[in-house]
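Given next are the chains, with one letter for each unit.
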Amino acid sequence: MHRLTSMLPATTVLIVMWCTAGCASWKRFAYEGFGRDAWQKPDEVIAALAIHPGEQIADIGSGGGYFTFRFAQVVGSSGKVYAVDIDQDMTDYVAARARDEGLANVDVILARVGDPLLPAAGVDLIFTSNTYHHIENRVAYFANARKYLHRDGRVAVVELAGKSWFSKWFGHYTPSETIRREMEAAGYHLEHEFSFLPRQHFLVFSVAVR
């Protein structure tokens, strides 16, 4: 068995491990990898967003809940965090973890490819991390998402900048100027662009006044 395994391509071995160990666990690893905190700087990201208790946040492409559960601590019991993903393995994982940890302020949403399906009452912040490059028809997607934002709502985009070999090789990144151009076309105005993340762009938008 060992000899056979050693002859298999590395990708085949990974697929076998993934299928036997549970999809959700391996997908979480694919999203987060090793040592993410060091370059993701989650506490600094959240501080820069100046989130207040009681706010409503949509974490688009929430994956395993890396930011979801951090947001839940900040908004408190009077707030709400919506973990939004099109992958049911991930939404099931987040729902189970929220239930196990007694976090009633975390709801999961199994979204559509073109619509996050947020509550009609709206949210204060739409947040996405390392997901922007996966979204199809981004201008249309975020133009549609405006209906879910409160009057003074914001959209925060944390996106890979193509500074690692992996993101460059697989095209998992978006240039900052592309994000800005597309978001402006979708009806938003750039409020701030932060530069403290070593591997990512970090832009915050509000709805443009017309």
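Residues numbered from 1 in each chain as written. Predicted model: local features only at pLDDT ≥ 70, side-chain atom pairs only at ≥ 80, totals over all residues. Heavy atoms only, no water.

A. Structural view of the overall build of the protein. Of the regular secondary structure elements, the protein holds ten helices and seven strands. Intrachain contacts of the protein at a sequence separation of at least 6 include 71% that bridge at least 24 residues. Total accessible area on the protein stands at roughly 11,200 Å², and carbon and sulfur atoms take up 56% of it. (Helix = DSSP H or I, 4+ residues; strand = E, 2+ residues; numbered from the N terminus. Contact = heavy atoms within 4.5 Å. Areas by Shrake-Rupley, 256 points an atom, 1.4 Å probe, with all protein chains shown as cover.)

B. The arrangement of the environment of Val-157 in detail. As for its placement among the helices and strands, Val-157 is situated in strand β5 (residues 149-160). Between the C-alpha atom of Val-157 and that of Ser-129, which follows or precedes it by 28 residues, the distance is 6.3 Å. What Val-157 contacts, discounting residues up to four positions off in sequence, is Thr-128, Tyr-132, Ile-179, His-201, Phe-202, Leu-203 and Phe-205.

C. Focus on the sheet that holds strand β6 (residues 188-194). Pairing is mixed in the open sheet, where seven strands are placed in the order β3-β2-β1-β4-β5-β7-β6. For this open sheet the edge positions go to β3 (106-110) and β6, each flanked by a neighbour on one side alone. With direction set aside, neighbouring strand axes in the sheet form an average angle of 20 degrees. As paired strands, strand β1 (residues 56-60) and strand β4 (residues 123-129) are joined by four bridges and run parallel to one another. Paired with Ile-57 across the two strands is Leu-125, which belongs to β4. Along the sheet, helix α6 (residues 68-75) contacts β1, β2 (80-85), β3 and β4; its crossing angle with β2, the most-contacted strand, is approximately 165 degrees. Contacting β5, β6 and β7 (200-207), helix α10 (residues 176-185) runs over the sheet at an angle of about 15 degrees to β7. (Pairing = 2+ DSSP bridges. Axes fitted to C-alpha atoms, helices over the stretch in contact; angles between N-to-C directions.)

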